[in-house]
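# Geometric and topological summary
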Amino acid sequence: MLMGNTSLCIVLRVSNYKENDKMLTLFSKEWGKIDALARGCRKSTSSLLSSTDVLCCAEFSFHIHAGRYYITQATPKTNFYDIRKNMNALMNALLLLEICEKSVMPDEPNGKLFALLAGALYALANGDYPKKVLIFFIYKMLDILGLRPMLKHCALCGRSPAKKINISAGGVVCENCLGEEVPAEYIENIEKILHTLSKDIQKLQFSCDKGFYDLSIRWLKNVLDFEPKTLVLLK
Ligand SMILES: [Zn+2]
């Protein structure tokens, strides 16, 4: 077996292939997004059976041939089983997977986004409030993708900011610039989220009323160049 062809991955998407195989889209901590074939994994005797479903996190070993990845071995870490007990948590988890699938590029490792996704999935599996997890994910993701919300100065002119936000400008704005007025608490929440490590997501509590949730979703949509399918199913 080749050395070094092992990576911790989260299964983002699964499609059945031939009679007993699956094609997986994986978020690899080391290599970014990869498509990998899991041969024979739908047989009940397969050692890959428990690692090849959506949401599974496992240490995968690969045989790489002609640029294609073939899974040879998998050591399961967790399948975030408890997320499936709560439909709302599950829908939110699937949204996070969809966002990662579209944001992570092949051969582009993104350890920070990987850690954020893992932290968010653990929080959902532990019964953390799904809306809170999603909001946390959104602002941390903006930061990781180089779009950290500007909160210290007006995002348009650099003056001292008011309690106003302009999503397309990427942050708070001053009295004179165009923006929507928001409660001071929303800006404080964003600040708190940005100062919290992804792994500490469950330690941070903030109130996510409808106004803050809606603002966060609009911010998310503004930076994605696609409309997540899962988003329309969220209530
Ligand atoms: Zn301004």
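Everything below is about the structure printed above this text.
This is a predicted model, so every value here is computed, not measured. (Residues numbered from 1 in each chain as written. Predicted model: local features only at pLDDT ≥ 70, side-chain atom pairs only at ≥ 80, totals over all residues. Heavy atoms only, no water.)

## Some thoughts on the packing of helix H3 (residues 130–144) against helix H5 (residues 210–223)
- Where H3 meets H5, the axes come as close as 10 Å, and the angle between the chain directions of the two elements is 40°. Looking at the two axes, H3 sits oblique to H5. Of the two elements, H3 crosses H5, and the hand of that crossing is left-handed. Contacts between H3 and H5 involve Lys131, Leu134, Ile135, Ile138, Tyr139, Met141 and Leu142 from the former and Phe212, Tyr213, Leu215, Ser216, Ile217, Trp219, Leu220 and Val223 from the latter.
- Taken together, the residues that form the contact of H3 with H5 break down as 13 nonpolar, 1 polar and 1 charged. (Axes fitted to C-alpha atoms, helices over the stretch in contact; angles between N-to-C directions. Helix = DSSP H or I, 4+ residues; strand = E, 2+ residues; numbered from the N terminus. Parallel < 35°, antiparallel > 145°, perpendicular 65-115°, else oblique. Left-handed = near helix turned anticlockwise from the far one by under 90°. Contact = heavy atoms within 4.5 Å. Nonpolar A, V, L, I, M, F, W, Y, C, P; charged D, E, K, R; others polar.)

## Focus: the environment of Cys100
- When you line up the elements, Cys100 lands in helix H1 (residues 87–103).
- Among the residues examined, Cys100 registers a relative accessible area of 0% and is labelled buried.
- Each C-alpha atom of the pair Cys100 and Lys163 lies 31 Å from the other, and the pair is 63 residues apart in sequence.
- Those residues within four positions of Cys100 in sequence are excluded, and the remaining contacts are Leu12, Phe27, Leu113, Leu117 and Phe137. (Buried < 20%, exposed > 50% of the residue type's maximum accessible area, 1.4 Å probe, protein only.)

## Examining the sheet that holds strand E8 (residues 180–181)
- Taken together, 3 strands build an open sheet; the order of strands is E7-E6-E8 and the sheet is antiparallel. Of all strands in the sheet, those bounded by a partner on one side alone are strand E7 (171–173) and E8.
- By the bridge criterion, 3 bridges tie strand E6 (residues 164–166) to E7 in an arrangement that is antiparallel. Residue pairing for E7: Lys164 is matched across the bridge by Val173. (Pairing = 2+ DSSP bridges.)

## Overview of the environment of His195
- Inspection of the secondary structure puts His195 in the loop between helix H4 (184–194) and H5.
- His195 gets classed as exposed once you look at its relative accessible area, which sits at 58%.
- Sequence separation of His195 and Lys140 is 55 residues, and the distance between their C-alpha atoms is 9.2 Å.
- A distance of 2.8 Å separates a polar atom in the side chain of His195 from the backbone oxygen of Glu191. (Polar contact = N/O pair within 3.5 Å; in protein donor to acceptor, adjacent residues only side chain to side chain.)

## So, the pattern of salt bridges
- Taken as a whole and assessed by the stated rule, the structure comprises 11 salt bridges.
- One salt bridge connects Asp143 with Arg148, and the closest N-O pair in it is separated by 2.8 Å.
- Between Glu180 and Arg218 there is a salt bridge; the shortest N-O distance is 3.0 Å. Of this pair, Glu180 sits in strand E8 while Arg218 sits in helix H5, placing them 38 residues apart in sequence.
- The exposure class assigned to Glu180 is partly exposed, which follows from its relative accessible area of 27%.
- Ionic contacts of the salt-bridge type, sharing partners, join the residues Lys199, Asp200 and Lys203 into one network. (Salt bridge = Lys/Arg side-chain N within 4 Å of Asp/Glu carboxyl O.)

## Observations regarding the sheet that holds strand E3 (residues 32–38)
- Strand order in the closed barrel formed by 5 strands is E1-E2-E3-E5-E4, with mixed pairing between adjacent strands. Sheet twist, expressed as the average angle between the axes of neighbouring strands with direction ignored, equals 45°.
- Pairing of E3 with strand E5 (residues 68–78), which is carried by 2 bridges, proceeds in the parallel orientation. When the sheet's bridge partners are listed, Ala36 is paired in E5 with Tyr69.
- Strand contacts of H1: strand E1 (6–17), strand E2 (21–28) and E3, with the helix running at about 105° to E1, the strand carrying the most contacts.
- In the packing of helix H2 (residues 111–125) onto the sheet, contacts are made with E1, E2 and E5, and the angle to E1 comes to roughly 70°.

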